[in-house]
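A look at the structure
This is what each chain is made of:
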Amino acid sequence: MQHIRYEMESEKKVFKRKIYEAMLKWKQERDGKTALLIKGARRVGKSTIAEEFARNEYESYIVVDFADAPDELWAAVDHISDRNYFFTQLQFIYNVRLIERHSVIIFDEIQKCPAVRQAIKYLVKDHRYDYIETGSLLSIKKNTKGIVIPSEETRLTMYPMDYEEFRWAMGDTATIPLLHEFYEKGHPLQQSFRKAMRDFRLYMLVGGMPQAVDEYINTNNLSLVDSVKREIIELYYDDFLKIDPSGKVSRLFSGIPSELSKNASRYQVTSVLGRSEDKHTMDELLRDLEDSLTVNFAHHANDPHVGMPMHTDYNQYKMYVGDTGLFVTLAFWDKDITENVIYQKLLSDKLSANLGYVYENIVAQMLTATGNKLFYHTWPSETSNHNYEVDFLLSRGAKLWPLEVKSSGYKTHKSLDEFCKKYSERISNRYLVYTKDYKKDGETTLFPALMTMFL
């Protein structure tokens, strides 16, 4: 079946997303033996990709949106144990004929109807139709209270559009394969480097939220893009207040740019909330924030080894915003709108503020999108009062790949050098991620942040 790049429907673009191929694999391999659960932050495109998939891959489909469902639907849910009745009611309510083994039912915003999520076990066993669930905040207590989470789910996490998906949206299918060639061969971009980095900074500013990307394509106006991003952040704040009326989760999210800019070895909760919190309460709030998928956590690896999850300090962590475009807006939240002049300076790499934390955030985002868990390591210097820090640690085979991130020229990479000296037998490759062209500096590979996706 021919897959579309995007199409216009109700004035909304449907962008090509990589998760589509994983969904296709689920349909072909599982053949209705599990439901597909697509989880992700609000506005990353879960509902859109689910409906596009249903339209392309099935003869008919129904979208049950629990955020805006008619009264008749809720009445039908009360009788979901009677599958014949339930399916008949769905077809009448949505005026769609379902065809056995050739139709799919999409349960959108499934977290708003725990009873249907629990019933997935029996719907799958019935095997008449396929099922796709989409949702966010799927694990917080109020969305799971009193139900048994079904094991008959194949779960996929959807992230904001990655850089390649962003280039596709711009109508560019050539750049990423070419960048990959240069990376594989270890060649600098030379004359192409300036344009490549400018294009990448545009992605950092616009971000990967489909609404923001669509706004940029339609208007080419970064101030209007910023307005869209502010609306998304406000939506997040509304969600945070629903799970935590005290506002602490919202403040933890808001504090990410300032905490990263301090270049501290951990996220300091007390500096954001103003006082110490009960550990049990704080752990629960942090779990809810992580479950929202609006943030990426990096945890401290006490013993940097390939088995890092076994030596993780879960009380020492850093937080990154899941989408760097939203991060930039959040960093300038004190202004009514992030003016075009700020965006233009960021785009041309001329803003005077130290933006190292923006590059650290985009590297965290890109590593997460390619399936990496985030770990970092700090340790005290033996000759001075400061700490060394390696920003990210990747486990590859039986070895580690340490990464240090810099927002400007490299000159020195002392922390990386000291780490590699201390743990030399555990390391195969070492990297400095920065804003300059690809090069080698002794045993260290230096490459521009836009190549992070190839690690």
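One can find the structure itself at the top, above this paragraph.
Residues numbered from 1 in each chain as written. Predicted model: local features only at pLDDT ≥ 70, side-chain atom pairs only at ≥ 80, totals over all residues. Heavy atoms only, no water.

On to the overall build of the protein, then. The helix and strand inventory of the protein stands at 19 helices and 16 strands. The C-alpha radius of gyration computed for the protein amounts to 23 Å, which stays within 12% of the reference 23 Å derived for 455 residues, consistent with globular compactness. Taken along the three principal axes of its C-alpha coordinates, the protein extends 75 × 50 × 50 Å. Taken over 455 residues, the protein has a buried fraction of 55%. Long-range contacts, defined as pairs at least 24 residues apart, comprise 71% of the intrachain contacts of the protein with a sequence gap of at least 6. Total accessible area on the protein is roughly 20900 Å²; 47% of this is exposed by carbon and sulfur atoms. Across the protein, 60 positive and 65 negative side-chain charges occur, with their mean positions spaced 4 Å apart. (Helix = DSSP H or I, 4+ residues; strand = E, 2+ residues; numbered from the N terminus. Rg over C-alpha atoms; globule rule 2.2 N^0.38 Å. Buried < 20%, exposed > 50% of the residue type's maximum accessible area, 1.4 Å probe, protein only. Contact = heavy atoms within 4.5 Å. Areas by Shrake-Rupley, 256 points an atom, 1.4 Å probe, with all protein chains shown as cover. Lys, Arg positive; Asp, Glu negative; His and termini not counted. Charge placed at Lys NZ, Arg CZ, Asp CG, Glu CD.)

Let us look at the packing of helix α16 (residues 324-331) against helix α18 (residues 356-369). Geometry of a packed helix pair, given as the angle between the helix axes and the separation of the axes. Contact geometry for α16 and α18: axes closest at 9 Å, N-to-C directions at 155 degrees. Classed by the angle they form, the pair α16 and α18 counts as roughly antiparallel. Note that α16 runs across α18; the crossing there is right-handed. Residues Thr 324, Phe 327 and Val 328 of α16 lie in contact with α18, whose contacting residues are Tyr 357, Val 358, Asn 361, Ile 362 and Gln 365. Split by residue class, the contact of α16 with α18 holds five nonpolar, three polar and no charged. (Axes fitted to C-alpha atoms, helices over the stretch in contact; angles between N-to-C directions. Parallel < 35°, antiparallel > 145°, perpendicular 65-115°, else oblique. Left-handed = near helix turned anticlockwise from the far one by under 90°. Nonpolar A, V, L, I, M, F, W, Y, C, P; charged D, E, K, R; others polar.)

Here we come to the packing of helix α10 (residues 210-219) against helix α11 (residues 222-243). Interhelical geometry of α10 versus α11 gives an angle of 160 degrees and a closest axis separation of 9 Å. When the axis of α10 is compared with that of α11, the two are roughly antiparallel. Two packed elements cross with a definite hand, and for α10 against α11 that hand is right-handed. For the pair formed by α10 and α11, the contact residues are Gln 211, Ala 212, Glu 215, Tyr 216 and Thr 219 on the first element and Leu 222, Leu 224, Val 225, Val 228, Lys 229 and Ile 232 on the second. Considered class by class, the residues forming the contact of α10 with α11 number seven nonpolar, two polar and two charged.

Right, let's get into the sheet that holds strand β5 (residues 103-108). Pairing in this open sheet of five strands is parallel, and the strands run β4-β5-β6-β3-β7 from one edge to the other. Since the sheet does not close on itself, it has two edges, and those belong to β4 (60-65) and β7 (153-157), each with one partner. Averaged over all pairs of adjacent strands, the angle between their axes in this sheet comes to 20 degrees, without regard to strand direction. As judged from the five bridges shared by strand β3 (residues 35-39) and β7, these two strands associate in the parallel manner. Bridging from a neighbouring strand, Lys 39 pairs with Thr 157 of β7. Where helix α2 (residues 46-57) meets the sheet, its contacts fall on β3, β4, β5 and β6 (130-135), and the angle it forms with β6 comes to roughly 165 degrees. Sheet strands touched by helix α4 (residues 83-94): β4, β5 and β6. Its angle to β4, the strand with the most contacts, is close to 90 degrees. (Pairing = 2+ DSSP bridges.)

If you trace the five strands from one edge of the open sheet to the other, you get β12-β13-β14-β16-β15, paired in mixed fashion. Each having just a single partner strand, β12 (392-396) and β15 (439-441) make up the two edges of the open sheet. Taking the axes of each pair of neighbouring strands and ignoring which way they run, one obtains an average angle of 25 degrees across the sheet.

On to the packing of aromatic side chains. In the structure shown here, the tally under the stated rule is 28 aromatic pairs. Both rings, one in Trp 379 and one in Tyr 388, keep their centres 5.3 Å apart while their planes meet at 40 degrees; by these two values the pair is tilted. Given the relative accessible area of 7%, Tyr 388 is considered buried. By the ring-pair criterion, three or more aromatic residues cluster together here, those being Tyr 183, Trp 401, Tyr 431, Phe 447 and Phe 454. The ring centre of Trp 168 lies 4.2 Å from the NZ or CZ of Lys 16, which sits over that ring. Positioned above the aromatic ring of Tyr 376, the side-chain terminus of Lys 318 is 5.3 Å from the ring centre. (Phe/Tyr/Trp six-rings, centres within 6.5 Å; stacked < 30°, edge-to-face > 60°. Lys NZ or Arg CZ within 6 Å of the ring centre and 35° of its normal.)

Here β4 shows a buried face lined by Ser 60, Ile 62 and Val 64 and an unburied face lined by Tyr 61, Val 63 and Asp 65. For β4 and β5, the ladder comprises six bridges, and the chain directions are parallel. From the neighbouring strand, Val 63 faces β5, where its bridge partner is Ile 106.

Any link to function would need more than the numbers given here.
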